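Topology and contacts: notes
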Amino acid sequence: MSRNNKPVFTSDALPERTSGVPVLEISDLNVRFPSEDGVVHAVRGVSLTVNAGEVVGLVGESGSGKSVTSMSVMGLLDESADVQGSIKLHGTELLGRSDNWMSEVRGRKIAMVFQDPLSALTPVYTIGDQIVEALQVHGSYSDKDAWQRTLELLRMVGIPNPEVRAKNFPHEFSGGMRQRVVIAMAIANDPDLIIADEPTTALDVTIQAQILDLLRVAQRETHAGVVMITHDLGVVAGLADRVAVMYAGRIVERADVNDVFYHSRHPYTVGLLGSLPRPDLDKDEPLTPVEGNPPSLLELPPGCPFAPRCPMASAECEAAEPPLLETDLPRHTSACIKFDALADKSYEEIYPKDEIPAASEMASRDAGEVILHVDGLVKTYPLMKGAVFKRRVGTVHAVDHISFDIHSGETLGLVGESGCGKTTTIMSILELAKPEEGRIVVLGHDTAELSKADRKKVRQDLQVVFQDPMASLDPRLPIYDIIAEPLKYNGYPKSRIGAKVEELMALVGLEPAHANRYPRNFSGGQKQRVGIARALALEPKLLVLDEPVSALDVSIQAGVLNLLEKLRIEMGLSYLFVAHDLSVVRHIAHRVAVMYLGRIVELGPVGEVFDLSLIHI
């Protein structure tokens, strides 16, 4: 029975907390969407309970059905969605309710923290006005009381000087501060259930920790049940009580958080854990990615959906899709017929590590040729005031006298919080122009002395891979044209372009037969591989990598990191790797430069910087 055909409830009573009844109870939830190619079965038989004061982590790769499940609970799916099953809040059925009734529930009983806080906030209203509105829509607050409660909430989530900042607009806040505001709005009316959908993706590690702490505060203040949706198992490690792992629209493993991490009973969960770069992992050890991509939810393969990617798969696995059953551990269920074979096995025993060719590393850092030399780089921006008659009232020192160099075959990690000057630094290098102060030497060429012709030549040896692959690829061009474009405009023989494109696609692990497809037909990790192939087209000597894996699933991230390390060794590349994830930097970098407020505050071999920092911590 479709959602539109369900009976509409007329009772105005909202769900109330009842002793012994779960806050949220999802039973056999199925969600289908019509598409041009057929019906997409996005969620398949999901069952989940969340109790008061409990945090349940919902993890899995992009497209596994996590967000569709949460939107079903919120009642925010498109009208064309066919929703079957049961979703109960305090024992009261939510499916089939009118939108007006659900509007009363949303914000008062259920609150949601979205992945992108800028999209979740209205840009034309101040922060304070939006929180006041959330309070007055769902409660009987006077203007004065609502304003005082708004300031109290902003203080609770760590917004400094709330009396002033409440009058600011969303664009005047950083990403982490906007997420704090969204959390303040979520807990404003003491909800019974908080759904956090990827609340820390692409945030700095320090901001991530603060946001997770805030969610703990929100849970403690409201005693709400929390559903934490993420693709990163590391995020839920210190926050969740129980974890449900989703794959191909269904839950494939469910257990207490410690059992999921230390006693996994599904090979997909083991693969996700093995894909995580860890601060204690030796740089020379490749990560263990889950090869391949999730199946299309239009046409699932026969048997277990994970079988095509599973290293333990057999003919028995392809016979029928295994149900979610109890394992040898209490309160632990798995949808794998070979769960007992996973007991006491390490990642490496299940997922063999990629073979990365051994590299003859430099005997010393000074042995290689200097590819990039930065000395005393300065970049400032004027701070202006006034709408009509502007006047300079100060100076922003975005980059303040920084110096570093990169040698042939070396990877330098540039790390720091948002706003510390990382992006300004790499943009100053990529501009290949005379800096405001200091000196930049790229491949032996001083940028202050480059002619137009020299600048074009240097650009062939200096390429960049951006953070967001979708934004950096032209959606109107097929992959073939995207990769071939730098070859066409730099005099590469036309007759050899086709073979070169095929060679580049194979090099980064893409199927050359897919060259005529468009970016929208590829996953996030595949699009990032296209960006890398394009950057390698002119055989550069230096790659600038700006957060190339921060928004990718952990399994895809592991594959991209292994690919970058393999290409560095085989092609003799040098990398300037900008990131905020220290585990990623430790895995890929030889040296690391730590930036803070426009300055490099620490620079040295990655092992020494990390190990000494951990000792001091």
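Cut-offs applied
Residues numbered from 1 in each chain as written. Predicted model: local features only at pLDDT ≥ 70, side-chain atom pairs only at ≥ 80, totals over all residues. Heavy atoms only, no water. Helix = DSSP H or I, 4+ residues; strand = E, 2+ residues; numbered from the N terminus. Rg over C-alpha atoms; globule rule 2.2 N^0.38 Å. Buried < 20%, exposed > 50% of the residue type's maximum accessible area, 1.4 Å probe, protein only. Contact = heavy atoms within 4.5 Å. Areas by Shrake-Rupley, 256 points an atom, 1.4 Å probe, with all protein chains shown as cover. Lys, Arg positive; Asp, Glu negative; His and termini not counted. Charge placed at Lys NZ, Arg CZ, Asp CG, Glu CD. Pairing = 2+ DSSP bridges. Axes fitted to C-alpha atoms, helices over the stretch in contact; angles between N-to-C directions. Core = buried A, V, L, I, M, F, W, Y, C linked by side-chain atoms within 4.5 Å. Salt bridge = Lys/Arg side-chain N within 4 Å of Asp/Glu carboxyl O. Phe/Tyr/Trp six-rings, centres within 6.5 Å; stacked < 30°, edge-to-face > 60°. Lys NZ or Arg CZ within 6 Å of the ring centre and 35° of its normal. Expected span 1.5 Å × (residues − 1).

Take the overall build of the protein next. Tallying secondary structure elements over the protein gives 21 helices and 22 strands in all. Taking 617 residues into account, the globule formula puts the C-alpha radius of gyration at 25 Å, and the protein, at 26 Å, falls close to it. Dimensions of the protein along its principal axes, counting C-alpha atoms only, are 75 × 70 × 50 Å. In the protein, which comprises 617 residues, the share counted as buried stands at 52%. A fraction of 71% describes how many contacts in the protein between residues 6 or more apart in sequence connect residues 24 or more apart. When the accessible surface of the protein is split by element, carbon and sulfur atoms take 51% of a total near 27,700 Å². Each charge class in the protein can be summarised by its mean position, and for the 61 positive and 83 negative side chains these summaries are 5 Å apart.

Here Thr269 is to be found in helix α11 (residues 267–275). Those residues within four positions of Thr269 in sequence are excluded, and the remaining contacts are Leu233, Val245, Glu253, Val260 and Ser264.

Considering the arrangement of structural elements, one finds Leu573 in the loop between α19 (554–571) and β20 (574–579). Note on Leu573: relative accessible area 0%, which makes it buried. For the pair formed by Leu573 and Glu410, sequence separation is 163 residues and the distance between their alpha carbons is 7.5 Å.

Let's shift gears to the sheet that holds strand β19 (residues 542–546). Across the sheet, 6 strands lie side by side as β18-β19-β20-β15-β21-β22; this open sheet has mixed pairing. Looking at the sheet topology across the chains shown, the edges are occupied by β18 (462–465) and β22 (599–605). When strand polarity is set aside, the average angle formed by the axes of neighbouring strands in this sheet is 15°. Pairing geometry for strand β15 (residues 411–415) and strand β21 (residues 591–596), over 4 bridges, is parallel. Residue pairing for β21: Val415 is matched across the bridge by Val594. Each of β15, β18, β19, β20 and β21 is contacted by helix α13 (residues 422–431), which is oriented at about 150° to β20, the strand it contacts most. Contacts from α19 reach β15, β19 and β20, with the element oriented near 155° to β20.

Taken together, 4 strands build an open sheet; the order of strands is β2-β1-β4-β5 and the sheet is antiparallel. What marks the edges here is a single partner per strand, and that holds for β2 (38–50) and β5 (92–93). Pairing of strand β1 (residues 24–35) with β2, which is carried by 10 bridges, proceeds in the antiparallel orientation. In the strand pairing of β2, Leu24 is matched with Val50.

Our focus in this paragraph is the nonpolar core. One finds Ile131, Val181, Met228, Leu233, Val243 and Phe306 to be the most contacted residues of the largest nonpolar core, which totals 67 residues. Leaving out residues up to four positions away in the same chain, Phe306 has contacts with Tyr247, His266, Pro267, Tyr268, Val290 and Tyr351. Counting residues in each nonpolar core, the second largest holds 47 residues, with Phe522, Leu538, Leu564 and Val606 among its members.

Evaluated as defined, the whole model comprises 25 salt bridges. The closest approach of N and O atoms between Arg242 and Glu54, which form a salt bridge, is 2.6 Å. One end of the pair, Arg242, is in strand β9 (residues 242–247); the other, Glu54, is in the loop between β2 and β3 (55–59), and 188 residues separate them in sequence. Exposure remark for Glu54: the relative accessible area of 10% places this residue in the buried category. The closest approach of N and O atoms between Glu104 and Arg108, which form a salt bridge, is 3.2 Å. When its relative accessible area of 34% is taken as the criterion, Glu104 is described as partly exposed. Take Arg108: its relative accessible area is 27%, and that puts it in the partly exposed class. Through salt bridges with shared partners, a single network forms among Glu16, Lys109 and Asp192.

Aromatic ring pairs are defined here through the distance separating the ring centres and the angle between the ring planes. If you walk through the whole model with that rule in mind, you get 3 aromatic pairs. Between the aromatic rings of Tyr247 and Phe306, the centroid separation amounts to 5.2 Å while the plane-to-plane angle is 85°, which identifies the pairing as edge-to-face. Pair noted here: Tyr247 is in strand β9 and Phe306 is in the loop between α11 and β11 (325–326), with a separation of 59 residues, a long-range link. Of the two residues examined, Tyr247 and Phe306, each falls in the buried class. Since its relative accessible area comes to 1%, Phe306 is described here as buried. Its guanidinium or amino end placed over the ring of Trp101, Arg97 lies 4.1 Å from that ring's centre, counting from NZ or CZ.

Turning next to α19. The end-to-end C-alpha separation of α19 is 25 Å, in line with the 26 Å expected for 18 residues at 1.5 Å each. Of all 18 residues that make up α19, 14 are buried, and the element is covered over most of its length. Just past α19, the residue Gly572 takes up positive phi, approximately 65°.

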